[in-house]
Amino acid sequence: MENDNKITLFDDNGNEMNVEILEYFLLDGQEYVMLTDLDMEVNDGQVDIFLMQVNVLDDDSEEFVPIDKDKEDEVYEF
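For clarity, every value in this text was computed on a predicted model and none was experimentally measured. (Residues numbered from 1 in each chain as written. Predicted model: local features only at pLDDT ≥ 70, side-chain atom pairs only at ≥ 80, totals over all residues. Heavy atoms only, no water.)

Draft legend 1. Layout of the overall build of the protein chain. Helix and strand content of the protein chain: one helix and five strands. The N-to-C order of helical and strand elements in the protein chain reads β-β-β-β-β-α. Once the C-alpha set of the protein chain is aligned to its principal axes, its extents read approximately 35 × 30 × 30 Å. Relative to its 78 residues, the protein chain shows a buried fraction of 23%. Taking as baseline every contact in the protein chain between residues at least 6 positions apart, the subset at least 24 positions apart corresponds to 26%. Carbon and sulfur atoms make up 43% of the accessible area of the protein chain, which amounts to about 6100 Å² in all. (Helix = DSSP H or I, 4+ residues; strand = E, 2+ residues; numbered from the N terminus. Buried < 20%, exposed > 50% of the residue type's maximum accessible area, 1.4 Å probe, protein only. Contact = heavy atoms within 4.5 Å. Areas by Shrake-Rupley, 256 points an atom, 1.4 Å probe, with all protein chains shown as cover.)

Below, the structure is given as structure tokens:
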């Protein structure tokens, strides 16, 4: 059975990153996603997480993009 929370992202250079979607959340009407890198080592039971902005492209697809610099601190504090 495929886990829909595990996806592969590609950066602008075509590099792959296998990630797990931990949570979606809304802030000021904008959707964001919390992710963790599945290829990263777990240290002392902790994993690194990162946040990205979600842009809905159509009913079946969305893209994850970096958070706008002017909103970054507010999103990470949330």
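Draft legend 2. Up close: the packing of aromatic side chains. With the rule as written, the count across this model stands at three aromatic pairs. Measuring from ring centre to ring centre gives 5.5 Å for phenylalanine 25 and phenylalanine 78, while their planes differ by 25 degrees; the resulting arrangement is stacked. Taken as a pair, phenylalanine 25 in strand E2 (residues 16-27) and phenylalanine 78 in the segment after helix H1 (72-77) lie far apart in primary sequence, 53 residues in all. Residue classification places phenylalanine 25 among the buried residues on the basis of a relative accessible area of 11%. (Phe/Tyr/Trp six-rings, centres within 6.5 Å; stacked < 30°, edge-to-face > 60°.)

Draft legend 3. Expanded view of the confidence of the model for the protein chain. Summary statistics for the protein chain give a mean pLDDT of 87 and a share of 94% for residues scoring 70 or more. Confidence, expressed as mean pLDDT per element, reaches its minimum in the protein chain at strand E1 (residues 6-10) with 89 and its maximum at strand E3 (residues 30-37) with 94. (pLDDT = per-residue confidence, 0-100.)

Draft legend 4. Fine view of the pattern of salt bridges. For the structure shown, the criterion picks out two salt bridges. Between lysine 71 and aspartate 28 there is a salt bridge; the shortest N-O distance is 2.9 Å. Here the residue lysine 71 occupies a position in the loop between strand E5 (61-65) and H1, and aspartate 28 occupies one in the loop between E2 and E3, the gap between them amounting to 43 residues. With a relative accessible area of 58%, aspartate 28 lands in the exposed category. (Salt bridge = Lys/Arg side-chain N within 4 Å of Asp/Glu carboxyl O.)

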